[in-house]
Amino acid sequence: KIMAQMIDKYYYATGRRKTSSARVFLAPGKGEFKINGKEASEYLGVGSIWEAQAMKPLKVLKQEGVFDVKVTVLGGGINGQAGAISHGLSRALDYYSQVNTSEADLEAQVEMIKALEESRGDEEEGGSSGEVRELTMVQWHKELRKQGLLTRDSRRVYRKKVGLVKSRKAKQFSKR
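Just so it is clear, the structure is predicted and the values come from calculations on it, not from any experiment.

Where helix α2 (residues 49-60) contacts helix α3 (residues 78-99), the axes come no closer than 8 Å and their chain directions differ by 10°. Viewed along their axes, α2 and α3 adopt a mutual orientation that is roughly parallel. Of the residues in α3, those in contact with Trp 50, Gln 53, Ala 54, Pro 57 and Leu 58 of α2 are Ile 78, Asn 79, Ala 82, Gly 83, Ile 85, Ser 86, Leu 89, Ser 90 and Leu 93. When its residues are assigned to classes, the contact of α2 with α3 shows nine nonpolar, five polar and no charged.

Right under this line is the structure:
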């Protein structure tokens, strides 16, 4: 099942959450992030939890300011839309990493990872190093998966049932 594809020069993916659906177009660039024609901070609110949620995949992979992102998002409220953007962006980044890593790169990076793990084993005996190492593109999928960003959050609002106030809430019962 194809989760993402290439359209013109963009890496395209769809993200969903609750009743929201986001179409994400990703391309290497200067770090522009537009949602429905507006800046992300303007659309979701400057420094809001929704802006942080939508940008999370870029933050996790330390790729802020590397990609231009254009999003069209429909349906739901701001919370569902932020979740849909995050999901779509994760899928697009994952697809980008798959397309841009060749077999030779993959083998070289696997060797490098093994060498790093061996050197890390030596360091643990002598003490830990405070360095933060860059993620290679091979590790992008693993990191996004670990953070739960590639999994669609399928929770929905239950429908209201007949005779109840909400989906499960009933009127107060009076014995007498």
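Quick look at α3 now. Over its 22 residues, α3 extends 31 Å from the first C-alpha to the last, a length consistent with the 32 Å expected when each residue adds 1.5 Å. Across the 22 residues that make up α3, a large majority, 17, are buried.

With respect to the element layout, His 87 can be found in helix α3. A distance of 3.1 Å separates a polar side-chain atom of His 87 from the backbone nitrogen of Arg 16. Excluding anything up to four places from it in sequence, His 87 contacts Thr 14, Gly 15, Arg 16, Leu 149, Leu 150, Thr 151 and Arg 152.

In this structure the tally under the stated criterion is seven aromatic pairs. Here Phe 67 and Tyr 96 contribute two aromatic rings whose centre-to-centre distance is 4.9 Å and whose plane-to-plane angle is 85°, an arrangement assigned as edge-to-face. Remark: Tyr 96 occurs in helix α3 and Phe 67 occurs in strand β6 (residues 67-74); sequence separation between them is 29 residues. Both residues of the pair, Phe 67 and Tyr 96, count as buried. On the numbers, 6.4 Å between centres and 75° between planes, the contact of Phe 67 with Trp 140 is edge-to-face.

Rules used throughout
- Residues numbered from 1 in each chain as written.
- Predicted model: local features only at pLDDT ≥ 70, side-chain atom pairs only at ≥ 80, totals over all residues.
- Heavy atoms only, no water.
- Axes fitted to C-alpha atoms, helices over the stretch in contact; angles between N-to-C directions.
- Helix = DSSP H or I, 4+ residues; strand = E, 2+ residues; numbered from the N terminus.
- Parallel < 35°, antiparallel > 145°, perpendicular 65-115°, else oblique.
- Contact = heavy atoms within 4.5 Å.
- Nonpolar A, V, L, I, M, F, W, Y, C, P; charged D, E, K, R; others polar.
- Expected span 1.5 Å × (residues − 1).
- Buried < 20%, exposed > 50% of the residue type's maximum accessible area, 1.4 Å probe, protein only.
- Polar contact = N/O pair within 3.5 Å; in protein donor to acceptor, adjacent residues only side chain to side chain.
- Phe/Tyr/Trp six-rings, centres within 6.5 Å; stacked < 30°, edge-to-face > 60°.

Coordinates in, geometry out; function isn't part of it.
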